[in-house]
Amino acid sequence: MQMNRLKTLGKLWLFLLFLTVSNKGFSQEQNLPKAETESFWDHVQFGGGFGLAIGNDFTDITIAPSAIYNFNEHFALGTGLQYSRLKQKNFYASNVIGASLIGLYNPIEEIQLSLELEQVHVNTTYTDLYDNVKRSFWNTGLYIGGGYRADNVTIGARFNLLFDKDKDLYGDALMPFIRVYF
């Protein structure tokens, strides 16, 4: 009985020794020191959007710069600004200004999922034959989205969870997007 106990203790000791040695070997690979030249800015990407639509007495200009910080190859967090000017001669004029926060998750290299909170202020003037009607309001959007990613470009769609057709700036809760970061 004593001999069995010694054999069991010996096997346990060898097993623990093996785990310790193998753990040390793997941990040396995982804990390599970061290069001293790597800084905060090495993880930052800039991008955004620009839109221009000009037609018969109609103008729509949008500028939306943004930046993200890549924590690793899967997760990024960022912020953005937005300004839009829309005008239809003798009918409608609107200024939209705001900001957003965005979280990105790439489960695999080709797929990008997003969660975005957008807060914009809208000033709109409707012109008719007799009077101008002014409307000013805040619009909040909480978007979940997904898209196909190739290098620094993602093409997809996002859905506004807070969409209200009577109070919302946009005409639909589902919006396509093209996202580019350099």
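Residues numbered from 1 in each chain as written. Predicted model: local features only at pLDDT ≥ 70, side-chain atom pairs only at ≥ 80, totals over all residues. Heavy atoms only, no water.

Caption draft 1: Examining the pattern of salt bridges more closely. For the structure shown, the criterion picks out two salt bridges. Across the pair Arg-158 and Glu-118 runs a salt bridge whose closest N-O atoms are separated by 4.0 Å. Taken together, the residues Arg-158 in strand β7 (residues 153–160) and Glu-118 in strand β5 (residues 111–127) connect sequence positions 40 residues apart. As far as burial versus exposure is concerned, Arg-158 and Glu-118 are alike and both buried. A single network of salt bridges, built from pairs that share partners, joins Glu-116, Glu-118 and Arg-158. (Salt bridge = Lys/Arg side-chain N within 4 Å of Asp/Glu carboxyl O. Helix = DSSP H or I, 4+ residues; strand = E, 2+ residues; numbered from the N terminus. Buried < 20%, exposed > 50% of the residue type's maximum accessible area, 1.4 Å probe, protein only.)

Caption draft 2: Examining the sheet that holds strand β1 (residues 44–55) more closely. Strand order in the open sheet formed by eight strands is β1-β2-β3-β4-β5-β6-β7-β8, and the pairing between neighbours is antiparallel. Of all strands in the sheet, those with a lone pairing partner are β1 and β8 (174–180), marking the two edges. The sheet shows a mean angle of 20° between the axes of neighbouring strands, direction not considered. (Pairing = 2+ DSSP bridges. Axes fitted to C-alpha atoms, helices over the stretch in contact; angles between N-to-C directions.)

Caption draft 3: Spatial organisation of the layout of surface pockets. Volume-wise, the largest pocket comes out at about 770 Å³. As for the largest pocket, its lining consists of 31 residues, of which Thr-62, Ala-64, Gln-82, Glu-118 and Arg-158 are closest to the centre. Of all the secondary structure elements, the ones that give two or more residues to the lining of the largest pocket are β1, β2 (58–70), β3 (75–88), β4 (92–108), β5 and β8. Considering only residue class, the lining of the largest pocket consists of 15 nonpolar, eleven polar and five charged. (1 Å grid on protein atoms, 1.4 Å probe; cavity = no way out; pocket = protein on both sides within 12 Å on 5 of 7 lines; lining within 4 Å. Points joined across faces, edges and corners; volume = space filled by probe spheres on them. Nonpolar A, V, L, I, M, F, W, Y, C, P; charged D, E, K, R; others polar.)

Caption draft 4: The packing of aromatic side chains, seen in detail. Per the counting criterion, the structure on display carries seven aromatic pairs. For the ring pair Phe-40 and Tyr-69, a centre distance of 5.0 Å and an interplane angle of 20° mean the geometry is stacked. Of this pair, Phe-40 sits in the loop between α1 (2–30) and β1 while Tyr-69 sits in strand β2, placing them 29 residues apart in sequence. On the accessibility criterion, Tyr-69 (22% relative accessible area) is partly exposed. Ring geometry for Tyr-69 versus Phe-71: centroids 5.0 Å apart, planes at 75°, classification edge-to-face. (Phe/Tyr/Trp six-rings, centres within 6.5 Å; stacked < 30°, edge-to-face > 60°.)

Caption draft 5: Up close: the nonpolar core. Grouped together as the largest cluster of nonpolar side chains are five residues: Ile-68, Ala-76, Ile-102, Leu-104 and Tyr-181. In this structure, Ile-68 is in contact with His-43, Val-44, Gln-45, Ala-76, Leu-77, Gly-78, Ile-102, Leu-104 and Tyr-181, ignoring residues within four places of it in sequence. (Core = buried A, V, L, I, M, F, W, Y, C linked by side-chain atoms within 4.5 Å. Contact = heavy atoms within 4.5 Å.)

Caption draft 6: The arrangement of a negative patch on the surface in detail. The grouping of Glu-73, Glu-109, Glu-110 and Asp-151 at the surface amounts to a negative patch. Looking at the secondary structure, you find Glu-109 in the loop between β4 and β5. For Glu-109, a relative accessible area of 56% puts it in the exposed group. (Patch = residues over 30% accessible without salt bridge, like charges linked within 9 Å, V, L, I, M, F, W, Y side chains within 5 Å. Areas by Shrake-Rupley, 256 points an atom, 1.4 Å probe, with all protein chains shown as cover. Lys, Arg positive; Asp, Glu negative; His and termini not counted. Charge placed at Lys NZ, Arg CZ, Asp CG, Glu CD.)

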